[in-house]
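What follows is the residue order along each chain.
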Amino acid sequence: MSKLKDRYRLNATQMEYLGASTSLGAIVGLLLLIGVANKLSRKAMLLTSSLIYATGSMLAGLSTSYAMCIIGRTVIGVALGVSSMIAPVYIGELSPKEFRGLFITFNMVAINLGMPVGYTLIMLLNFGENCSLWAFIINSLLCLCLAALLFMFVPNSPRDLIYRGKLKEATSVIRRLNHPKLLSEDDISNQVESLKKAIQSEKGQSPKFSHLFSVSNRRSLAISCMLQVAKQSSGFSALQYFSVYLFKILGLTKTHASQLPIILLGLVQFLAATASLGIIDRLGRKRLLLISTMSMAAGLVVLGGSFMAVTGFDQVNKSSCAGYTRCGSCLLDTACGWQAQTGLCLLRQPLLSNSTHLSDSCPMDTVRSKAGSWLAVTSIIFSLGAFSLGLGSIPWVIQSEMFNQALRSKAGAVAAISNWIFSYIWTVSFLHLAFAATLPVIFWIYALLVVTVIAFVYRAIPETTGVALEDIVRDNSYSLALVK
């Protein structure tokens, strides 16, 4: 984001739309997916998303203008929307009930691993003129390799195969996924027959999209959508998309190793997501969500307080750059730059920027600013780590568990659309909200929203740990009752 801002001389609105373009693409991808959710197999949809990822990465890498960059990121977003919905559904259908949460969370662990790996790749390629192109080319090749591996080695979901009447293939997949000593041929036959009966009873109801809003499904749908809305209203998108921008204000990105703080951030998210693997099926979804949200709320409160020492309560609405007396407030305004030698905020002028020596990050030269800077960095890392521990993955787990085979992918798409709509809204408005309300206040607003999420989780979220998918759907208590 920071490099694109400098390359294309982006203002705040253009930066917001650049960040939100992937969310917009995800919404488009999910809307398209709803119409073909049960026409394509889970494997086919995963394969398709990999190919779209490769295409979008190549377009973004070859971009020579802001508009082309938006198009590339939007195509990537289409793939992101499809995969974000279908991957948890596929994994949930493939997993044993005792470890379903563990396996679905592996999806988020892989995503969180991809972030520090990607940031490291960008840092290593940061010394060449065409570093972005090579980074995207490598990413495209990885996507194509993944698509080839999916095609050759990954089986389809046995539940999806039974739904399509392919009993022999389903039996073969179950046999392949289980050790003969753990599951005999009779056990496999009984499992296939049990799944067949459950799925046939669901197919007999001729499920339509409107059935998502029936009495038996609408509370489950509301819970799934509200969890996704809660996830995005925690400030995650703002911290994730604009972290480099915020780190510059905090004085941490002064050299070509500017990706280091971001790599550390990605590593913490990966470690937090990995830690959740060992506890999600032992603590339960609900308890882990409460731990995650309470920790994130505390981190956001501290983050808002730490920005008081860096930017204060300065609103970014000055008619002249000279009106900013703090470096943090000055750099928030994308039209301005800080001249460290004189301590003045000046208008950025491309032809004169070298002669005036405008800094692209703030010098932390007082005890107060240094303390505020490091406390803010620690709070950002802690908050996103807390997010990755539970709130980042559990909404995907729960929404993949609460619907029958025929409605699962449609319900997942609707919930995922809620996620990406609010991701778009918060991303496209973050900078302007920060300009008007100031950074401390906007992070306190996020903290207040997370507190309401805590109340919602405690009051309304059912515990589905260790319960078979068919039993969750069959038991009306999961969809009709508020769990206390």
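Keep in mind it's a predicted model, so treat the numbers as computed, not measured. (Residues numbered from 1 in each chain as written. Predicted model: local features only at pLDDT ≥ 70, side-chain atom pairs only at ≥ 80, totals over all residues. Heavy atoms only, no water.)

**With respect to the packing of aromatic side chains**
How we decide: In this scheme Phe, Tyr and Trp rings, the latter by its six-membered ring, pair at centre separations within 6.5 Å, and the angle between planes marks the pair as stacked below 30 degrees, edge-to-face above 60, and tilted otherwise. Comment: elements are numbered from the N terminus, with helices defined as DSSP H or I runs of at least four residues and strands as E runs of at least two. Partly exposed residues are those whose accessible area sits between 20% and 50% of the maximum for their type, while under 20% is buried and over 50% is exposed, using a 1.4 Å probe and protein chains only. Sitting over a ring, as applied to charges here, requires NZ of Lys or CZ of Arg to be within 6 Å of the ring centre and within 35 degrees of the ring normal.
Applying the stated criterion to the full structure yields nine aromatic pairs. Consider the rings of Phe 236 and Phe 387, whose centres lie 4.1 Å apart with planes at 5 degrees: the pair is stacked. In this pair, Phe 236 is assigned in helix H11 (residues 236-241) and Phe 387 in helix H18 (residues 367-391), connecting sequence segments 151 residues apart. Given the relative accessible area of 17%, Phe 236 is considered buried. Considering the side-chain rings of Phe 307 and Phe 443, the 5.7 Å spacing of their centres and the 20 degrees angle between planes classify their relative orientation as stacked. A residue pair is termed long-range when its members are at least 10 positions apart, and Phe 307 in helix H15 (residues 285-310) and Phe 443 in helix H21 (residues 439-460) qualify at 136 residues. An identical accessibility class is assigned to Phe 307 and Phe 443; each is buried. Among the aromatic residues, ring-to-ring pairing joins Phe 242, Phe 307, Trp 426, Phe 430, Phe 443 and Tyr 446 into one connected group. Above the ring of Tyr 458, the side-chain terminus of Lys 286 is found at 5.8 Å from the ring centroid.

**Examining the state of the cysteines**
Operational definition: Any cysteine sulfur atom paired with another within 2.5 Å is treated as part of a disulfide.
One pass over the structure, following the stated rule, counts three disulfides. Here Cys 327 pairs with Cys 362 through a disulfide, and the sulfurs are 2.1 Å apart. With the S-S bond torsion at -95 degrees, the cross-link from Cys 327 to Cys 362 turns out left-handed. Placement of the pair is Cys 327 in helix H16 (residues 327-332) and Cys 362 in the loop between strand E3 (358-359) and H18, with a sequence separation of 35 residues. Judged by its relative accessible area of 10%, Cys 327 falls in the buried class. Note on Cys 362: relative accessible area 2%, which makes it buried.

**Digging into the nonpolar core**
Quick reminder of the rule: Side-chain atoms within 4.5 Å link the members of a nonpolar core, which is a set of buried Ala, Val, Leu, Ile, Met, Phe, Trp, Tyr and Cys residues. Any two residues whose heavy atoms approach within 4.5 Å at even a single point are treated as in contact.
Core analysis: the largest hydrophobic core is formed by 108 residues, its most contacted members being Leu 300, Phe 307, Ile 380, Phe 430, Leu 439 and Phe 443. With 13 residues, the single largest contributor to this core is helix H20 (residues 405-437). Apart from the residues lying within four places of it in its own chain, the contact partners of Leu 439 are Leu 246, Phe 307, Thr 311, Leu 332, Phe 430 and Ala 434. The next biggest cluster of nonpolar side chains, apart from the first, holds 12 residues, and it includes Leu 161, Ala 170, Val 173 and Leu 183.

**Details of the packing of helix H4 (residues 66-94) against H20**
What counts is decided by this rule: In this description, a line fitted to the C-alpha atoms serves as the axis of each element, helices being fitted only across the stretch in contact, and the angle between N-to-C directions of two axes falls anywhere from 0 to 180 degrees. For classification, angles of less than 35 degrees are called roughly parallel, those exceeding 145 degrees roughly antiparallel, those between 65 and 115 degrees roughly perpendicular, and all remaining angles oblique. Crossing handedness: left-handed means the near helix sits turned counterclockwise from the far one by under a right angle, and right-handed means the same turn made clockwise. Each residue receives one of three labels: charged for Asp, Glu, Lys and Arg, nonpolar for Ala, Val, Leu, Ile, Met, Phe, Trp, Tyr, Cys and Pro, and polar for the others, Gly being one of them.
The geometry of H4 relative to H20 is characterised by a closest axis approach of 9 Å and an angle of 140 degrees between their N-to-C directions. Considering the angle they form, H4 stands oblique to H20. The handedness of the crossing between H4 and H20 is right-handed. Contacts between H4 and H20 involve Leu 80, Gly 81, Ser 84, Met 85, Val 89 and Glu 93 from the first element and Gln 405, Arg 408, Ser 409, Gly 412, Ala 413, Ala 416 and Trp 420 from the second. Its residues assigned to classes, the contact of H4 with H20 comprises six nonpolar, five polar and two charged.

**Here we look at unusual backbone geometry**
At Thr 438, a residue that is not glycine, the phi angle is positive and equals roughly 80 degrees. If you trace the backbone, Thr 438 turns up in the loop between H20 and H21. Taking the relative accessible area as the measure of exposure, Thr 438 reaches 3% and is therefore buried.

**A closer look at the pairing of strand E2 (residues 344-347)**
Heads up, the rule is: Note on pairing: two strands pair once DSSP finds at least 2 bridges between them.
Pairing between strand E1 (residues 336-339) and E2: four bridges, direction antiparallel. By the bridge assignment, Trp 338 is partnered in E2 with Cys 345. Taking the residues that link successive antiparallel strands as the turn, the E1-E2 hairpin has four residues, and the phi of Gly 343 there is positive, at about 70 degrees.

**Let's talk about the pairing of E1**
With burial as the criterion, each face of E1 is covered, one bearing Cys 336 and Trp 338 and the other bearing Gly 337 and Gln 339. Relative to E3, E1 is paired through two bridges, and the arrangement is antiparallel. From the neighbouring strand, Trp 338 faces E3, where its bridge partner is Ser 359.

**A closer look at the confidence of the model for the protein**
For residues with low pLDDT, the predicted coordinates do not support detailed interpretation. Operational definition: The quantity called pLDDT is the predictor's confidence in a given residue, expressed from 0 to 100.
Per-residue pLDDT for the protein averages 83, and the proportion of residues at 70 or more is 89%. For residues 476-484, every residue scores under 50 in pLDDT, and the model assigns this stretch 26 contacts once sequence neighbours within four places are set aside.

**What about the pattern of salt bridges?**
We apply this condition: A side-chain nitrogen of Lys or Arg and a carboxyl oxygen of Asp or Glu constitute a salt bridge if their distance falls within 4 Å.
Under the defined criterion, the tally for this structure stands at seven salt bridges. We note a salt bridge from Arg 100 to Glu 401, for which the minimum N-O separation is 2.8 Å. Remark: Glu 401 occurs in the loop between helix H19 (394-399) and H20 and Arg 100 occurs in helix H5 (residues 100-124); sequence separation between them is 301 residues. Per residue, the accessibility class of Arg 100 equals that of Glu 401, and both read buried. For Glu 185, the salt bridge identified is with Arg 175, shortest N-O distance 2.9 Å. Placement of the pair is Glu 185 in helix H9 (residues 185-203) and Arg 175 in helix H8 (residues 167-177), with a sequence separation of 10 residues. By relative accessible area, which is 42% here, Glu 185 ends up partly exposed. Among the ionic contacts, a cluster of salt bridges with common partners joins Arg 100, Asp 281, Arg 285 and Glu 401.

**Quick look at the sheet that holds E1**
Taken in spatial order, the three strands of this open sheet run E2-E1-E3, and their pairing is antiparallel. At either end of the open sheet lies a strand with only one pairing partner, and these are E2 and E3.

**Focus: the packing of H20 against H21**
Put simply, H20 and H21 touch, their axes get as near as 7 Å, and they point 125 degrees apart. With respect to each other, H20 and H21 are oriented oblique. Judged by residue contacts, Trp 426, Phe 430, Leu 433, Ala 434 and Ala 437 of H20 engage Leu 439, Val 441, Ile 442, Phe 443, Tyr 446 and Leu 449 from H21. In terms of residue class, the contact of H20 with H21 is built from 11 nonpolar, no polar and no charged.

**Some details on the environment of Asp 333**
Definition in use: Polar contact is the term for a pair of N or O atoms within 3.5 Å; when the atoms are in protein, one must be able to donate a hydrogen and the other to accept it, and sequence-neighboring residues count only if both atoms are side-chain atoms.
Secondary-structure assignment places Asp 333 in the loop between H16 and E1. With a relative accessible area of 15%, Asp 333 lands in the buried category. Measuring from C-alpha to C-alpha, the distance between Asp 333 and Leu 347 comes to 9.7 Å, with 14 residues separating the pair along the chain. The residues touching Asp 333, leaving out its near neighbours within four places in the chain, are Tyr 245, Val 316 and Tyr 324. At 2.8 Å, the side chain of Asp 333 and the side chain of Tyr 324 are in polar contact.

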